[in-house]
Amino acid sequence: MPAILKVCLILLFAAVFFTQAAGLEAGTIYTYEDEHGNLVFTDTPPTHRKGVKARVFVTDKKAGKKSKGRSASAYDEAIKEIALRYKVEPAIVKAVIRAESNFDPFAVSHKGAEGLMQLMPATAEMLAVANAFDPVSNIEGGTKYLRYLLDKFNGNLKLTLAAYNAGEGAVSRYNGVPPYKETKEYVRKVLAFYENYSALLY
């Protein structure tokens, strides 16, 4: 089964599962392929199967904030390598990850944004990210997108972050940071994280 189809099926199953599970904001879904090559989903650990993969799905709109995520330093090496390749400061990438998913590689927002840097499926496809739940692929896609936005807005970090949150069209339309409460708070928060991480990633 193609990887992208598997991801779509996982997301579909997760949406149905958590809609029916009242009060649940996050949970673990286990997946494996049966003897016929079919992808099987279950919320019970299938101890009798090999190659089982556990996936944590967060459906709350504040994806990642209520999940345990990972250590803040878990992806530092990948962040530094990828960020330097695209000539983006590693501290910016890490700050965006912190704000977007709190280092939870399987975070899914209520709008469908996925992974560490919360890539929308269409954006992930545009950036050639086949599996948004793969941390390295997600970081590379998100960093590539940050590079694109930095170039588009002449290196202006505030506008880049605003575009990452609200879309480049909104930034262009308002000729600056859009007057959205969420976007203003997002830019403020990421810049604060950026300042904290700046001395740690070099």
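The structure this text deals with has already been given above.
First, a word on scope: everything that follows refers to the structure included in this document. What you are looking at is a predicted structure, and each value in this text was computed from that prediction instead of being measured. (Residues numbered from 1 in each chain as written. Predicted model: local features only at pLDDT ≥ 70, side-chain atom pairs only at ≥ 80, totals over all residues. Heavy atoms only, no water.)

What follows is about helix α5 (residues 135-152). For an α-helix, the turn length of 3.6 residues means that residues three or four places apart are oriented alike. For α5, spanning 18 residues, the distance from its first C-alpha to its last is 26 Å, which sits close to the expected 26 Å at 1.5 Å a residue. Every buried residue of α5 is listed here: Asn138, Ile139, Gly141, Gly142, Thr143, Tyr145, Leu146, Leu149 and Leu150. At its buried positions, α5 is contacted by α2 (76-85), α3 (90-101), α4 (121-126), α6 (157-166) and α7 (168-174). In the stretch just after α5, Asn154 is the one whose phi turns positive, near 55°. (Helix = DSSP H or I, 4+ residues; strand = E, 2+ residues; numbered from the N terminus. Expected span 1.5 Å × (residues − 1). Buried < 20%, exposed > 50% of the residue type's maximum accessible area, 1.4 Å probe, protein only. Contact = heavy atoms within 4.5 Å.)

Our next topic: unusual backbone geometry. The phi torsion of most residues other than glycine is negative, and most of the peptide bonds are trans. Phi at Asn102 is positive, roughly 55°, even though this residue is not glycine. With a relative accessible area of 25%, Asn102 lands in the partly exposed category. Unlike most non-glycine residues, Gln118 shows phi in positive territory, near 50°. Within the element layout of this structure, Gln118 appears in the loop between α3 and α4. Residue Gln118 is classed as buried on the basis of its relative accessible area, which comes to 9%.

Orientation of α6 relative to helix α8 (residues 181-198), taken along the N-to-C sense of each, is 125°, at an axis distance of 9 Å. Considered as vectors, α6 and α8 are oriented oblique to each other. The hand of the α6/α8 crossing is right-handed. Each of Leu157, Lys158, Leu161, Ala162, Tyr164, Asn165 and Ala166 in α6 lies in contact with α8, whose residues at this interface are Glu182, Thr183, Tyr186, Val187, Val190, Leu191 and Tyr194. (Axes fitted to C-alpha atoms, helices over the stretch in contact; angles between N-to-C directions. Parallel < 35°, antiparallel > 145°, perpendicular 65-115°, else oblique. Left-handed = near helix turned anticlockwise from the far one by under 90°.)

Relative orientation of the contacting elements α5 and α6 amounts to 130°, with a least axis distance of 9 Å. When the axes of α5 and α6 are compared, the pair comes out oblique. Pair α5 / α6 crosses with right-handed handedness. For the pair formed by α5 and α6, the contact residues are Gly142, Tyr145, Leu146, Leu149 and Leu150 on the first element and Leu157, Thr160, Ala163 and Tyr164 on the second. Within the contact of α5 with α6, the residues separate by chemical class into seven nonpolar, two polar and no charged. (Nonpolar A, V, L, I, M, F, W, Y, C, P; charged D, E, K, R; others polar.)

The next thing to look at is the environment of Phe103. Among the structural elements, Phe103 can be located in the loop between α3 and α4. Along the backbone, Phe103 and Met117 are 14 residues apart, and their C-alpha atoms lie at a distance of 8.6 Å.

With that settled, the discussion passes to the pattern of salt bridges. Summed over all chains, the structure comprises seven salt bridges. With its nearest N and O atoms 3.3 Å apart, the salt bridge here joins Lys80 to Glu77. Placement of the pair is Lys80 and Glu77 together in helix α2, with a separation of three residues, close to one helical turn. In this structure Lys80 comes out as partly exposed when scored by relative accessible area, which is 26%. According to the relative accessible area criterion, Glu77 is exposed, its value standing at 58%. Each of the salt bridges in this network shares a partner with another, and the network as a whole consists of Glu81, Arg85 and Glu140. (Salt bridge = Lys/Arg side-chain N within 4 Å of Asp/Glu carboxyl O.)

It is worth spelling out the packing of aromatic side chains at this point. Across all of its chains, the model carries four aromatic pairs by this definition. Taking the centre distance of 6.2 Å and the plane angle of 10° together, the rings of Tyr145 and Tyr148 count as stacked. Of this pair, Tyr145 and Tyr148 both sit in helix α5, three residues apart, which is roughly one turn of that helix. A relative accessible area of 40% means that Tyr148 is categorised as partly exposed. Aromatic side chains Tyr145 and Tyr164 sit 5.6 Å apart centroid to centroid with 45° between the ring planes, which places their arrangement in the tilted category. Highlighted residues: Tyr145 in helix α5 and Tyr164 in helix α6, separated in sequence by 19 residues. For the pair Tyr145 and Tyr164, a shared accessibility class is recorded, and that class is buried. The rings of Tyr145, Tyr148 and Tyr164 are connected pair by pair, giving a single aromatic cluster. Directly above the ring of Tyr197 sits Lys94, whose terminal nitrogen or CZ lies 4.7 Å from the centroid. (Phe/Tyr/Trp six-rings, centres within 6.5 Å; stacked < 30°, edge-to-face > 60°. Lys NZ or Arg CZ within 6 Å of the ring centre and 35° of its normal.)

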